[in-house]
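Coordinate analysis (summary)
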Amino acid sequence: MASRRNRLQASRRPTPIKPQDPRRPNRSRNKPSYTYLPLNPAQHEIRLLEIAPGRPGSRVCCRVFHASLSSEPPPEYDALSYMWSAPRPSYTITVNDGCAFSVGRNLRKALDDVRLPDVARVVWCDALCINQADDDEKGTQIQLMRRIYSDARVVRAWIDVNLGPLAGPFEDLAQLGERGGCMSLADVHDHEYWFPVADVFRHPYWRRIWIQQELILAREVAVHCRRQVLSGEELFEFQRQAFDSINSFKDLEHSNATSAILRYINTDTGNAGVALYGGGIKRARRLRQKASQRLRGAEGGTMDSVAAKNDLPVGAVGAVNGWLVQLFVQSRYLGVTHPHDRLYGLFGLAADYEEGEIEVDYSLSTMQVYASLFQHFIRKHDSLVFLCSGERDGVENSFVGVRVPSWLPTNGIKWTYAARGLSQACGTCTAEGAHINLQTGALHAQGILVDRVSLVEDATILQGLPIPSALAWVEKFCQELWSNIATGRPFYEREEVTDALFPWATKEFYRRFLHSTTGRPTADQRLKITKALQRAAELADDPGDFNLRRIICGGYTPSTILSQGERSQALQLNMGLAGRMLVGTEKGRIGSMLLPRLAVPGDEVWVLLGCPTPVVLRKRDGVQGRYVHVGFVIIPPLMNGEAVEELGMPHSDHAIVDVAID
């Protein structure tokens, strides 16, 4: 550990750097500006920057030269990772025998802090090593980012943070997570002890897409807090333990201690806890490696082949974690300077992306760039699974002032609902004929109009209603939907009704989150729990306070009224109602949608070829054949290819037609 610290350290107190005073003569005006020479893309050429040794605060002098990533032996260099600053004020550094080059404040300070006092240091940094005025070169170099950062000897992460004396918690960082479990964050009872380390993660540096790519790809990371240097691996272990508190239920005391640290990191920092792969750098590296292993040997790298090779349901999160489209929707809260970089900044991380598959073109509109990702997905997988998306939250920085097509998933893809073996509304039909018009953003697909929405109601109210009132609410909804049907028993006991109320999810989901070893309950099991809830409500001391929430939390309900197994099934029912609305159709079908995707009577229910669930589309006023995507819908009688099977049958009005979704 000591040798690593010695290799990473470059500690001297920083000398303040003053920007050029515009009222004073600028000696750099007499110097020629640096002129870039073209790179050779065929040789995977990059530029490297040799920083001359110097005193802290003195003029930064550099030499730029070309190197090939394909050469033998490969070039040795460090890569600089830093957050770009505002273009003003600017500072002049000297490049290649006296040429002037203007840089921003953060880059000037970073170069000053990472240079050595007595020998030159070779680094790669984007602002200097890429000709930022040449979009063609930027496109070529972005495709090489994976190699640039993964081949670097050390990635030097520069953060404008003043740490003060490196004592106490910084000394204990070396003990975190060492072999044998020497120490954990929770071993210190006063969680504020760790706040000086947590302050490093409060910096906005960590919430940038490019930064996360650079750190995830790195072999080794040295974190320069100005001129003080910390081990990246030690900091990432600290980050891992703080992130693990989110999903830790095994040791509640440990979870509470570490979650307090994560809350401190997130306070007033704009949700610093967000990250690709749903956790810190160490977790991201592990999941990315696993995603690459799953793709290896899977023919064509498609969803079907990856799932088959790894014995996973098609569409399971485990089968798509690390894929470009999944990283894209995960990155919605991360910062970018240019909205195009929300996609381009992920190329180096995506397990299913090969260099050059999507063109880097900053002259395109943001909508065209994002649409190109989903066009790539359609070509690769013949699937429209991305239409199974969550609610649109409208908070992504990348979408401010940008017209986004209604089909583009801005708040995640609901893979759980789309897993094959659970949902296959389109049967074996694929989206082979689907495409996106990159000029208009319209998604052109083929599908079957199967029904129209006639009735919608918010089902979340059922969670807090007394059980008798909740059942009466469901009964009233069904009576309105099936007003011409007479029945000898309550509607809420019918199979299609209980089918719509319980979660539509895989066996794995039921096992992990709903305490079920058998998966989704059968019709008989659903009827049994419905009747059990009725009986328990009659026996409860206070029927008016006997609702699903109280049952799940325990409350006063004795086991003689409702068994532990029945409580578990009540949890399943509660989960099926959370954040959902019930949907009735003109043909008497009943289903559910995620809120706040608000369908209205008259909206159309479609089965699109290549989409595993039915979707609700709304006609655009006055435009023939064009629609807006409202959301996906779970209608049990349509989830297993029934609409496709009806094609060509006598008396069937089903037909495959073209549809355009704006």
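Per an unreviewed UniProt entry, the protein goes by Heterokaryon incompatibility protein-domain-containing protein and derives from Lasiosphaeria miniovina.

Taken together, the nine strands give an open sheet; going across it, the order is β5-β4-β2-β1-β6-β3-β7-β8-β9, and neighbouring strands pair in mixed fashion. The strands lining the two open edges of the sheet, one partner per strand, are β5 (99–104) and β9 (228–231). Each strand axis lies, on average, 40° off the axis of its neighbour in the sheet, ignoring direction. Looking at chain direction, strand β8 (residues 221–225) and β9 are connected through four bridges and run antiparallel. Across the sheet, the residue bridging to His-224 is Val-229, located in β9.

Once that is clear, we can look at the side chain of Asp-126. The topology assignment puts Asp-126 in helix α3 (residues 126–129). Buried charge without a partner: Asp-126 forms no salt bridge, and the closest opposite charge is Lys-138, 9.9 Å away. In terms of polar contacts, Asp-126 uses its side chain to reach the side chain of Tyr-82, at 3.2 Å. Sequence-distant contacts of Asp-126, that is, excluding residues within four places in its chain, are made with Tyr-82, Trp-84 and Gln-132.

Before going further, it helps to spend a moment on empty space enclosed by the protein. Enumeration according to the criterion identifies two cavities of 30 Å³ or more in this entry. Considering only enclosed or pocket space, the largest cavity measures out at about 160 Å³ in volume. As for the largest cavity, its lining consists of Leu-462, Ile-467, Ala-470, Leu-471, Val-474, Tyr-492, Leu-501, Thr-530, Leu-533, Leu-548, Leu-573 and Leu-577. Listed by contribution, the elements that provide at least two residues to the lining of the largest cavity are α18 (467–481), α21 (523–539) and α23 (564–577). Ranked by residue count, the leading element in the lining of the largest cavity is α18, at four residues. Of the residues in the lining of the largest cavity, the class split is 11 nonpolar, one polar and no charged.

Moving on, we come to the pairing of β5. Counting buried positions over the six residues of β5 gives five, a clear majority of the element. Strand direction decides the pairing type here: strand β4 (residues 90–95) and β5, joined by six bridges, are antiparallel. Looking at β5, one finds that Ile-93 is bridged to Phe-101. Counting the residues in the hairpin turn of β4 and β5 gives three residues, including Asn-96, whose phi is positive at 50°.

So, about the pattern of salt bridges. The final tally for this structure, using the stated rule, is 24 salt bridges. A salt bridge links Arg-202 to Asp-199; the nearest nitrogen and oxygen atoms lie 3.8 Å apart. The salt bridge partner of Asp-451 is Arg-589, with a shortest N-O separation of 2.8 Å. Highlighted residues: Asp-451 in strand β11 (residues 443–458) and Arg-589 in the loop between β12 (580–585) and β13 (590–594), separated in sequence by 138 residues. On the basis of relative accessible area, Asp-451 is assigned to the buried category, the value being 4%.

Side chains of Arg-489, Lys-528, Lys-531 and Arg-535 sit close together on the surface and give a patch of like positive charge. Mapped onto the fold, Arg-535 is located in helix α21.

In this section: the state of the cysteines. A covalent bond between the sulfur atoms of two cysteines is referred to as a disulfide. Taken as a whole, this structure holds zero disulfides when the rule is applied. Free of any disulfide, Cys-426 has its nearest neighbouring cysteine sulfur in Cys-429, separated by 6.5 Å. Judged by its relative accessible area of 2%, Cys-426 is buried. No disulfide involves Cys-611; its nearest neighbouring cysteine sulfur is the one of Cys-388, lying 4.2 Å away.

Generally speaking, soluble globular proteins have nonpolar side chains that are buried together. Leu-49, Trp-124, Leu-215, Phe-238, Leu-384, Phe-386 and Trp-407 are the most contacted members of the largest nonpolar core, which totals 140 residues. In terms of residues, this core owes the most to one element, helix α16 (residues 366–381), which gives eight residues. Membership of the second largest hydrophobic core comes to 39 residues, among which are Ala-470, Val-474, Trp-482 and Ala-537.

The rules behind the values
Residues numbered from 1 in each chain as written. Predicted model: local features only at pLDDT ≥ 70, side-chain atom pairs only at ≥ 80, totals over all residues. Heavy atoms only, no water. Pairing = 2+ DSSP bridges. Helix = DSSP H or I, 4+ residues; strand = E, 2+ residues; numbered from the N terminus. Axes fitted to C-alpha atoms, helices over the stretch in contact; angles between N-to-C directions. Buried < 20%, exposed > 50% of the residue type's maximum accessible area, 1.4 Å probe, protein only. Lys, Arg positive; Asp, Glu negative; His and termini not counted. Salt bridge = Lys/Arg side-chain N within 4 Å of Asp/Glu carboxyl O. Polar contact = N/O pair within 3.5 Å; in protein donor to acceptor, adjacent residues only side chain to side chain. Contact = heavy atoms within 4.5 Å. 1 Å grid on protein atoms, 1.4 Å probe; cavity = no way out; pocket = protein on both sides within 12 Å on 5 of 7 lines; lining within 4 Å. Points joined across faces, edges and corners; volume = space filled by probe spheres on them. Nonpolar A, V, L, I, M, F, W, Y, C, P; charged D, E, K, R; others polar. Patch = residues over 30% accessible without salt bridge, like charges linked within 9 Å, V, L, I, M, F, W, Y side chains within 5 Å. Areas by Shrake-Rupley, 256 points an atom, 1.4 Å probe, with all protein chains shown as cover. Charge placed at Lys NZ, Arg CZ, Asp CG, Glu CD. Disulfide = S-S within 2.5 Å. Core = buried A, V, L, I, M, F, W, Y, C linked by side-chain atoms within 4.5 Å.

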